[in-house]
Amino acid sequence: IAIQAGDSSIAYLVFGDNGDYDAGRIAYTNSSNQMGFYTNNSERMTIDSAGLVGIGTTSPGNTLQVSGSGSAPMSSERTQNSGGFAMLQGKMGDSASTTAGHVYSALVAGIEDNTNGAEDGYFALEVSESGSNSEKLRVKSNGRVGIGTTSPQAMLDIRASGANGLVLNNDSSNSADSGRIFLEGTSTTAIMQQGSDLSFRTGATTGSSSGTERVSINTNGMQIFSGSLGVGVGPNSNDGRITTSSH
């Protein structure tokens, strides 16, 4: 079937009924070399002259652009209900070919528990290393995050071999105050790197360097401020205490 129209006209293939003869149609706009697919008299999908595909938009900016007002404009489903997972993969070329299709990374949605009405899932991130994909991060249904482990035992569980760990970098706006760990409870305690010193503070405010410094560890050793350190005894006992002068 050949459907032709003038250079500035639109060629149509229409579908409908007695009440609405063109409710569904395929329209090719010759002036812009763009094709539109319609249902219920509205354009639902567009393929522009560059081959870009838009669903929910007539002006796609990528190879595939999905637009919608809902909270989930796009979803994918794998027909698996036990021990399975679904992946969104990022493929690119390698040194041998631009079309090698190597999977460099992938987002993974997986099943922890498939009980109807009480389903548990997990989210994972896979990254290619030395030619093979492996899981680097997992978020479990209970909110625990594992880096280097698929079975985190705490809200954040980081595991690695060798001299690897967690790095907190300097605050660029104040080089004297670098990475901090805040422990929140009835009051907040802070552990922070201040210059070359490791500082332990009480009465701190999360997101700030405030608080009263109690202990500092530096190249000269450990220094205790504003009181004393009890060793296995109550803070009011003199037995086994290390006493220092106030800061």
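Please read these numbers as outputs of a predicted model, since none were measured by experiment.

Draft legend 1. Focus on the packing of aromatic side chains. Using the criterion set out here, one finds zero aromatic pairs in the structure. Above the ring of Y38, the side-chain terminus of R25 is found at 4.1 Å from the ring centroid. Lying over the aromatic face of Y122, R138 brings its terminal NZ or CZ to 3.8 Å of the ring centre.

Draft legend 2. Just the side chain of T46, in detail. Note that T46 resides in strand β4 (residues 42-47). Within the local environment of T46, its side chain forms a polar contact with the side chain of E43, the two groups lying 2.6 Å apart. When sequence neighbours within four positions are dropped, the list of residues in contact with T46 reads Q34, M35, L52, V53, G54, T57 and T58.

Draft legend 3. The confidence of the model for the chain, seen in detail. In this model, the chain carries a mean pLDDT of 86, and residues with pLDDT of at least 70 account for 87%. Predicted confidence is poor over residues 231-247, with pLDDT under 50, and the contacts of this stretch with residues over four places away or in other chains come to 21 contacts.

Draft legend 4. Examining the pairing of strand β3 (residues 34-39) more closely. As paired strands, strand β2 (residues 24-29) and β3 are joined by five bridges and run antiparallel to one another. Bridged to A27 within β3 is G36. Counting the residues in the hairpin turn of β2 and β3 gives four residues, including N33, whose phi is positive at 50 degrees. Examined bridge by bridge, β3 and β4 share five bridges and lie antiparallel to one another. Bridging from a neighbouring strand, G36 pairs with T46 of β4. In this structure, the hairpin formed by β3 and β4 is closed by a connection of two residues, where N40 is found at a positive phi of approximately 50 degrees.

Draft legend 5. Looking closely at the sheet that holds strand β11 (residues 145-147). Read across the sheet, six strands follow the order β7-β8-β9-β10-β11-β12 without closing on themselves; strand pairing throughout is mixed. Taken across any chain shown, the strands that pair with only one partner, and hence form the sheet edges, are β7 (85-92) and β12 (156-158). For this sheet, the mean angle separating the axes of adjacent strands, direction not counted, is 20 degrees. Across eight bridges, β7 lies against strand β8 (residues 102-113) in antiparallel orientation. Opposite M87, over in β8, you have V108 as the bridge partner.

Draft legend 6. A look at a nonpolar patch on the surface. A surface patch of nonpolar side chains, amounting to about 610 Å² of accessible area, comprises I147, L156, I158, L166, L168, I181 and L183. Accessibility expressed as a relative area gives 46% for L183, which makes it partly exposed.

What counts and what doesn't
Counting from 1, residues in each chain are numbered in the order their sequence is written. pLDDT decides what is reported in this predicted model: residues at 70 or higher carry local features, side-chain atom pairs at 80 or more are listed and counted, and totals for whole chains, interfaces and linings draw on all residues regardless. Values reported for side chains reflect all heavy atoms of the structure, with hydrogen atoms and water molecules removed beforehand. The aromatic pairing rule takes the rings of Phe, Tyr and Trp, using the six-membered ring of Trp, and pairs them if the centres are within 6.5 Å, calling planes under 30 degrees apart stacked, those over 60 edge-to-face and the rest tilted. Placement of a positive charge over a ring is assigned whenever Lys NZ or Arg CZ falls within 6 Å of the ring centre and within 35 degrees of the normal to the ring plane. Comment: elements are numbered from the N terminus, with helices defined as DSSP H or I runs of at least four residues and strands as E runs of at least two. For this analysis, a polar contact is any N or O atom pair within 3.5 Å, provided that within protein one partner can donate a hydrogen and the other can accept it, and provided that sequence-adjacent residues contribute only side-chain to side-chain pairs. Contacts are assigned to residue pairs with any non-hydrogen atoms lying within 4.5 Å of each other. As a per-residue measure, pLDDT reflects the predictor's confidence and takes values from 0 up to 100. Each pair of strands is called paired provided DSSP finds at least two bridges between the two strands. Every axis in this analysis is a line fitted to C-alpha atoms, fitted for helices over the stretch in contact. Angles between the N-to-C directions lie between 0 and 180 degrees. Patch membership requires over 30% relative accessible area and the absence of a salt bridge. Like charges are linked within 9 Å, and nonpolar side chains (Val, Leu, Ile, Met, Phe, Trp, Tyr) within 5 Å. Per-residue accessibility takes into account occlusion by the displayed protein chains alone, with areas from the Shrake-Rupley method and a 1.4 Å probe. Within this document, salt bridges are pairs made up of a side-chain nitrogen of Lys or Arg and a carboxyl oxygen of Asp or Glu, the two lying within 4 Å of each other. Burial classes: relative accessible area under 20% of the type maximum marks a residue as buried, over 50% as exposed, and values in between as partly exposed (1.4 Å probe, protein chains only).

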